[in-house]
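# A closer look at the structure
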Amino acid sequence: MFIWLSFGFKGEPYKQIKHVGKSIPDFSLLNIDSNRISLKTFPNAKGFIVVFTCNHCPFAKLYPPRLNELNKKYASLGVPLIAISSTDTIQFEEDCYIKMVKKAKNEKFNFPYLYDGSQAVALNFNAERTPHAFVIWKENSSWVVKYQGAIDDNGAEPKKVKNTFVADAVNA
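To keep things clear, this report deals only with the structure shown in the data block. Keep in mind it's a predicted model, so treat the numbers as computed, not measured.

### Examining the overall build of the protein chain
- What the protein chain contains, in helices and strands, is four helices and eight strands.
- In the protein chain, the succession of α and β elements from N to C terminus is β-β-β-β-α-β-α-β-α-β-β-α.
- Within the protein chain, the proportion of its 172 residues that are buried is 50%.
- Relative to all contacts within the protein chain whose residues are 6 or more apart in sequence, the contacts with residues 24 or more apart total 75%.
- For the protein chain, the exposed surface amounts to about 8,700 Å²; the carbon and sulfur share of it is 55%.

### A few points about empty space enclosed by the protein
- Taken as a whole and judged by the stated rule, the model has one cavity of 30 Å³ or more.
- Its volume calculated, the largest cavity comes out at about 40 Å³.
- For the largest cavity, the full set of lining residues is Thr53, Cys54, Asn55, Ala60, Pro64, Leu67, Lys103, Phe109 and Tyr113.
- Its residues assigned to classes, the lining of the largest cavity comprises six nonpolar, two polar and one charged.

### Here's the deal with the packing of aromatic side chains
- Enumeration according to the criterion identifies ten aromatic pairs in this entry.
- Taking 5.2 Å as the distance between ring centres and 65 degrees as the angle between the ring planes, the aromatic pair formed by Phe52 and Phe125 counts as edge-to-face. Of the two residues, Phe52 is situated in strand β4 (residues 47-52) and Phe125 in helix α3 (residues 120-125); the sequence distance between them amounts to 73 residues.
- For Phe125, a relative accessible area of 1% gives the class buried.
- Each residue in the set Phe27, Phe52, Phe125 and Phe134 is aromatic and connected to the rest through ring pairs, giving one cluster.
- Note that Lys146 overlies the ring of Trp137, its terminal NZ or CZ placed 4.3 Å from the centroid.

### Concerning the pairing of strand β5 (residues 81-85)
- Taking burial as the measure, the five residues of β5 include five buried ones, the bulk of the element.
- Of the two faces of β5, both are covered, the one formed by Leu81, Ala83 and Ser85 as well as the one formed by Ile82 and Ile84.
- This β-α-β element, β4 to helix α1 (residues 64-74) to β5, shows right-handed connectivity.
- By the bridge criterion, three bridges tie β5 to strand β6 (residues 113-115) in an arrangement that is parallel. Counted as the bridge partner of Ser85 is Tyr115 from β6.
- Between β5 and its parallel partner β6, the chain crosses via helix α2 (residues 97-106), and the hand of that crossover is right-handed.

How each quantity is defined
Residues numbered from 1 in each chain as written. Predicted model: local features only at pLDDT ≥ 70, side-chain atom pairs only at ≥ 80, totals over all residues. Heavy atoms only, no water. Helix = DSSP H or I, 4+ residues; strand = E, 2+ residues; numbered from the N terminus. Buried < 20%, exposed > 50% of the residue type's maximum accessible area, 1.4 Å probe, protein only. Contact = heavy atoms within 4.5 Å. Areas by Shrake-Rupley, 256 points an atom, 1.4 Å probe, with all protein chains shown as cover. 1 Å grid on protein atoms, 1.4 Å probe; cavity = no way out; pocket = protein on both sides within 12 Å on 5 of 7 lines; lining within 4 Å. Points joined across faces, edges and corners; volume = space filled by probe spheres on them. Nonpolar A, V, L, I, M, F, W, Y, C, P; charged D, E, K, R; others polar. Phe/Tyr/Trp six-rings, centres within 6.5 Å; stacked < 30°, edge-to-face > 60°. Lys NZ or Arg CZ within 6 Å of the ring centre and 35° of its normal. Right-handed = clockwise from strand over helix to strand, strands pointing away. Pairing = 2+ DSSP bridges.

See below:
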């Protein structure tokens, strides 16, 4: 069984580029509003910011306001943000669906927060930590990874961010 590890980036883009160029199949996961969400739910999207995150990781806990900002900025431009929790909920009870719903409400998430209980979507993306961000883009009829790695270069101090890796990838 795949056990989800969660640890953050140290303010550097993830150096391995093995995921860039990989085609990602569509998926359908349960959202915190009890509806199922897939990439097809957004027929006009030209891309997505997909962030693998969770409730328990101290590093992931630093990012909800920035995720709201990214979605606010890019969803209207056809690049919505989708957050996915693929954590082993037996090992990390804080990441169960009911607690995801509560966290999303408390943090006022303005984006879908999806539950990947089987971890199949995380495996398709080769997600390795939380938060682990991907920018995928529509190329012909496929969704292709354009960027994968850190959201930015300073989890602890948002005002000191110098490199906005995800935003840069969407803007490229």
